[in-house]
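# Residue-level structure breakdown
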Amino acid sequence: MNKQKLSELWDKLWEGIRTLHKRGFFHIIAGSTLAKIAGFVSVFFLPRFLSKADYGLLTYVENIRNYVMLFNGIGITNATLRFCAQQGSDEEKKGYFVASLKIGIFADVFLIVLTTAAFLVIPFPYEGARFQLVISSCLPILYFLFTDIQLLLRATFQNQRYSVYNFTYSFLLMIFQIVFAVLWGVTGVMIGKYLSMALCVLMGYLLIRDLPMMKVKAIKLDWHEIKTIIRFGIVMLTASATSTVMSYNETFIVGQLLKDEELLAEYRVAANILSISLFLLEALLVFILPYFIQHIKDKQWIWENYKKLFVINGTVMTLFHLGLFIFAKLYLFIFAGPEYMGAVSLVRMFLVASWIQAVFRGISGNILAVTGEEKFNLKINIVFVVVHAVIDVAAVKTLGIYGAAIALIVVYFLSGLIMNIHLRNICKKQIGEMNHDEK
């Protein structure tokens, strides 16, 4: 009997693996892994090609640039994923994609003009920051085009092309940033970003031009539909921005309160571990979200599949983070160099925050956002951005850079707990109503 059960479990496992392979899951994992490796080489080896002061300047400039990118295209790329992944004709999907391009480009032109004017008049504490910010002002529009094409590939389940596109961008960014950083320092890093993004936008056009939806005439959206996707984009942008801004706020608070370029560089190197530890979660989200969007009205399907994902993701993430925790010293030695070895404890604290985000917050928050609960997600994120800022300032003043990690741990845990409870409640409510109607 035991052998029979084991045989059945083995058959189910292989059937699951075959299904995942057929749907392109392993293409996404492989592409995301290669892309992250390329990204890690670029980000983590840059400290070796820039002086500590220059790397601190780059960290400060990119943090401000990250704030600007939160408003990129008013979040309309989210509408491409949401509406092109749902059931509908190719004409409708092309209509949504074309509308997202027009709205996003218009919004980014306005963003570029506004931010360039601001950079020219606002005083900055670090020498050279103004010049770097001005020359990088046009990056948002290139990144918007790249992202909109990327999400179209995912929404239309072009997993292999998505993976190739994602990896190519990261690989080009790695090569160009490092090469030009050696030649021209921080300015070279900006040049590398422009070249990699421009080439990938061209590549993206070549990847989507033969899709079935691109060969038909797009349906022109009416004003009501335009307002719907703009509203959805803005809500998703605000929810995403308020969530992401927590880490940006930390860098800003550490930089403003401690006023030490070398200490800021040490903090940034330690915080980079967050991007390493979350690459599996990002790949998983890329794969699962279109399926959850397709079942947007079936809360029973959402809840049953979320529970399975929670167990699988929790197991994988625990093992993954444990390995990173154990080899934290090796990570710092390889990617940053001996001068950053004092940040080992900080790296491990960020890994605790990362584990909480990956297991309790990441999947539940994203599922809520794409299945009709984006407004709840927005409210929670706004509340916890304020809470995080208050805790962060107090903790950094008291504990220095270690306080930043503690603030992130507390906020990730509390917000993740609330998101899981809300997801369970809305799903159970619909399931209960369905059972009552059947009776």
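Refer to the structure above for everything that follows.
Residues numbered from 1 in each chain as written. Predicted model: local features only at pLDDT ≥ 70, side-chain atom pairs only at ≥ 80, totals over all residues. Heavy atoms only, no water.

## Regarding a positive patch on the surface
Together, K227, R231, K375 and K379 make up a region of like positive charge exposed at the surface. Broken down by secondary-structure element, the contributors of at least two residues to the positive patch are α9 (223–258) and α16 (374–399). Mapped onto the secondary structure, K375 falls in helix α16. By relative accessible area, K375 is classed as exposed at 53%. (Patch = residues over 30% accessible without salt bridge, like charges linked within 9 Å, V, L, I, M, F, W, Y side chains within 5 Å. Areas by Shrake-Rupley, 256 points an atom, 1.4 Å probe, with all protein chains shown as cover. Salt bridge = Lys/Arg side-chain N within 4 Å of Asp/Glu carboxyl O. Lys, Arg positive; Asp, Glu negative; His and termini not counted. Charge placed at Lys NZ, Arg CZ, Asp CG, Glu CD. Helix = DSSP H or I, 4+ residues; strand = E, 2+ residues; numbered from the N terminus. Buried < 20%, exposed > 50% of the residue type's maximum accessible area, 1.4 Å probe, protein only.)

## Observations concerning unusual backbone geometry
Phi at I74 is positive, roughly 45°, even though this residue is not glycine. By secondary structure assignment, the location of I74 is in the loop between α3 (52–69) and α4 (77–85). For I74, a relative accessible area of 24% corresponds to the partly exposed category.

## Regarding the environment of L111
Checked against the element boundaries, L111 lands in helix α5 (residues 90–121). As a C-alpha pair, L111 and I141 span 30 residues in sequence and 9.1 Å in three-dimensional space. Dropping the residues within four chain positions of it, L111 is found in contact with V68, F71, N72 and P140. (Contact = heavy atoms within 4.5 Å.)

## Structural notes on a nonpolar patch on the surface
There is a patch of nonpolar side chains on the surface, built from L322, F325, I326, F327, L330, F333, I334 and V352 and spanning about 740 Å² of accessible area. Of all elements in the fold, only α13 (299–326) and α14 (328–335) reach the threshold of two or more residues within the nonpolar patch. With respect to the helices and strands, I334 occurs in helix α14.

## As for α13
For α13, spanning 28 residues, the distance from its first C-alpha to its last is 39 Å, which sits close to the expected 40 Å at 1.5 Å a residue. Listing the buried residues of α13 in full gives K299, I302, W303, Y306, L309, N313, G314, M317, H321 and L324. (Expected span 1.5 Å × (residues − 1).)

## Some words on the packing of aromatic side chains
According to the stated counting rule, one finds 15 aromatic pairs in the structure shown. Here the aromatic rings of F180 and W184 are separated by 5.6 Å at their centres, their planes lie at 15°, and the arrangement is stacked. One end of the pair is F180 and the other is W184, both in helix α8 (residues 159–208) and 4 residues apart, which spans about a single turn. Positioned above the aromatic ring of F83 is the side chain of R82, whose terminal nitrogen or guanidinium carbon lies 5.8 Å from the ring centre. One residue, R348, lies across the ring of F325, its end atom 5.2 Å from the ring centre. (Phe/Tyr/Trp six-rings, centres within 6.5 Å; stacked < 30°, edge-to-face > 60°. Lys NZ or Arg CZ within 6 Å of the ring centre and 35° of its normal.)

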